[in-house]
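# An overview of the molecular structure
Here is how the chains run, residue by residue.
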Amino acid sequence: MLHTSPSGRLKIVCDDKVKYLKGVLEPFAEVTYLPGSRISAQDVKDAHALLVRTRTNCNAQLLQGSSVKFIGTATIGFDHIDTEWVQQQGITWTNAPGCNSGSVKQYIAALLALLTTEKGIDLKGKTLGIVGVGNVGRKVARVAAAFGMKVLQNDPPRERAGESGFVSFNDLLKQSDIVTFHVPYIKTGIDQTFHLFNTQTLDVIKPGAILINTSRGEVTATDAVLEGLNRGILSEAVLDVWENEPNISLPLLNRCFIATPHIAGYSVDGKAMGSAMTIRALAKYFGIPLTDWYPSSLPQPETPLLTLSRAHATTQQALAELVLKTYPLRRDDADLRGDTSRFEELRGSYPVRREFGAYQLGGDHLTPEIVEAWKGLVEPQP
Ligand SMILES: NC(=O)c1ccc[n+]([C@@H]2O[C@H](COP(=O)([O-])OP(=O)(O)OC[C@H]3O[C@@H](n4cnc5c(N)ncnc54)[C@H](O)[C@@H]3O)[C@@H](O)[C@H]2O)c1
Ligand SMILES: O=C(O)[C@H](O)[C@H](O)COP(=O)(O)O
């Protein structure tokens, strides 16, 4: 059934950063594109649907008294939606689980590659602790295996549901050489992740550990990460997400090995899938014939054939070269350090980044071990 205004026309307000949408919904609706952070109560008053990413706070302040019946966020995170209030109002909301997990996988692989090439760390046999083992965490476990690492996993909700293979948060902190966070931002309750990493955890974590946060800035307390680095408890920190984005802590940024402006999930593939899942959900809700929609074409990598420039001493080093050819993570770090006031601008004008599946491996210097390790990175999670 089509929900429409008295004029008979479906009205949709859409964040202009929901990619590949222009022209798709226009045959079925009146569509207004606005910068996500500037969508106001006045803008949504007569709208029936709101398509957003994370920069629009979907709460009573925005939506009270509006005609909105459907909110779709083209992201996995939904901490910008007041889900309790929205549900009480009878508004349907959807997110896009897994849409950008391959993109975060690529970010973590590029980071492990940089630890290899820039810091000379031999990752083989080292332990990666994954906190939150959902769509992203599962893929990160495969990346670790491809680099010859051991994995520890912590996920209390999955453990409570009867799944096995997990350790406690404290045991993971004590035993891991690298700790990476892939949890949702949960403000309160049994699974609270607000400041999951805090000054108390500094007494528990393995001295010299490397900390990675690509989940939400609020998960790792700024003062605790800074103190950990200053006291040498943490040897390095890698942050893609920050408290108070875009006004991030410069002292912390200056101490980070890698600092990026919340772009871990920003591959072309991740954005396309986020948009597709959202359009399909909207189409189902309003009875629009777009329930299988996917963008008609995506930008291709500049050099889809992936080759090694030389023979490497180890599989890990070869893998590092291949991964960094698909994603030069240091570029994103340099762009943010160049001018932190461009945090949102850098996100808005993010360059084309294709995930591993858009490349073919070829050329000289490949060994069966390298090919096997690459397959481990590329293959979808079963
Ligand atoms: N930086 C980026 O661009 C980017 C991209 C994608 C996702 N994210 C963030 O990363 C988060 C994870 O993404 P995902 O796609 O894997 O989400 P997901 O929902 O698939 O997985 C989250 C996992 O965390 C677990 N979890 C919940 N509370 C926990 C707790 N207290 N301790 C340990 N585990 C807990 C859940 O059981 C689940 O398995 C998202 O919620 C989002 O906030 C950021
Ligand atoms: O939750 C997610 O899916 C990611 O954090 C995603 O990268 C957020 O993107 P944004 O809405 O900030 O463009």
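Residues numbered from 1 in each chain as written. Chains lettered and ligands numbered in written order. Predicted model: local features only at pLDDT ≥ 70, side-chain atom pairs only at ≥ 80, totals over all residues.

### Examining the site of ligand 1
Around ligand 1 sit 34 residues in total, of which Gly132, Gly134, Val136, Pro157 and Gly265 are the nearest. Residues of the shell around ligand 1, tallied by class, amount to 14 nonpolar, 15 polar and five charged. (Near = placed C-beta within 6 Å. Nonpolar A, V, L, I, M, F, W, Y, C, P; charged D, E, K, R; others polar.)

### Looking at the site of ligand 2
Near ligand 2 the following residues occur: Lys17, Arg53, Thr54, Arg55, Thr75, Ile76, Gly77, Asn100, His262 and Gly265. The residue inventory of the shell around ligand 2, partitioned by class, reads one nonpolar, six polar and three charged.

### Details of the sheet that holds strand β10 (residues 234-239)
Pairing between the strands of a sheet comes from backbone hydrogen bonds, and it takes one of two forms, parallel or antiparallel. One open sheet holds the six strands; their spatial order is β7-β6-β8-β9-β10-β11, and the pairing between them is parallel. Of all the strands in the sheet, just β7 (150-154) and β11 (258-259) have a single pairing partner and so form its edges. With four bridges joining them, strand β6 (residues 127-131) and strand β8 (residues 178-181) adopt parallel strand pairing. Bridge pairing in β8 links Gly129 to Val179. (Pairing = 2+ DSSP bridges. Helix = DSSP H or I, 4+ residues; strand = E, 2+ residues; numbered from the N terminus.)

### Quick word on the UniProt feature "binding site: substrate" (unreviewed entry) in the protein chain
On the UniProt side, "binding site: substrate" (unreviewed entry) is annotated at positions that read Thr54, Thr75 and Tyr266 here. The greatest C-alpha distance among the residues just named is 12.7 Å, despite their covering 213 residues of sequence, which places them together in space. Here Thr54 shows up in the loop between β3 (49-52) and α2 (60-63). Residue Thr54 is classed as buried on the basis of its 22 C-beta neighbours within 10 Å. For Thr54, the residues in contact, after removing those within four places along its chain, are Thr75, Gly77 and His80. Looking at the element boundaries, Thr75 is found in the loop between β4 (70-73) and α3 (83-88). (UniProt positions renumbered as here; feature names shortened; annotations may be inferred. Buried ≥ 20, exposed ≤ 12 C-beta atoms within 10 Å, placed from the backbone. Contact = placed C-beta atoms within 7 Å.)

### So, the nonpolar core
If you look at the biggest cluster of nonpolar residues, it comprises 72 residues, and the most contacted ones within it are Leu111 and Leu319. Per-element accounting of this core gives the leading share, ten residues, to helix α4 (residues 101-117). Looking at which domains feed residues into this core, each of domain 2 (100-259) and domain 3 (299-377) supplies at least three. When residues no more than four places from it in sequence are discounted, the contact partners of Leu319 are Ala146, Phe147, Ile370, Ala373 and Trp374. By size, the runner-up hydrophobic cluster in this structure holds 35 residues, among which are Leu25, Cys58, Leu63 and Phe286. (Core = buried A, V, L, I, M, F, W, Y, C linked by C-beta atoms within 7 Å. Domains from an automatic or database assignment.)

### Some words on the domain arrangement of the protein chain
Here the protein chain is partitioned into domain 1 (11-95 + 269-286), domain 2 (100-259) and domain 3 (299-377). Between the C-alpha centres of domain 2 and domain 3 there is a distance of 21 Å. The interface of domain 2 with domain 3 comprises 26 residues on the first partner and 21 residues on the second. Among the elements that line the side of domain 2 that touches domain 3, the one with the most residues is α4, at eleven residues. When grouped by side-chain class, the residues that make up the side of domain 2 that touches domain 3 number 17 nonpolar, six polar and three charged.

### Some details on the UniProt feature "active site" (unreviewed entry) in the protein chain
Within this numbering scheme, the UniProt entry marks Arg216, Glu245 and His262 as carrying the feature "active site" (unreviewed entry). For the annotated residues, spread through 47 residues, the largest C-alpha to C-alpha distance comes to 9.9 Å, consistent with a single compact locus. Along the chain, Arg216 falls in the loop between β9 (209-213) and α8 (222-230). By C-beta crowding, Arg216 is classed as buried, having 22 other C-beta atoms within 10 Å.

### Digging into α8
All of the buried residues along α8 are Ala224, Val225, Gly228 and Leu229. In an axial view of α8, the angular spread of the buried residues amounts to 130°, which keeps them on one side of the axis. Where α8 is buried, its residues meet β9, β10 and α9 (250-255). Immediately beyond the C-terminal end of α8, within one or two residues, lies Gly232, with a positive phi of roughly 75°. (Arc of directions from axis to C-beta.)

### A short note on the pairing of β7
Both β6 and β7 contribute to a ladder of five bridges, which runs parallel. Along β7, the bridge assignment pairs Thr127 with Lys150. Crossover handedness for the path β6 to helix α5 (residues 135-146) to β7: right-handed. (Right-handed = clockwise from strand over helix to strand, strands pointing away.)

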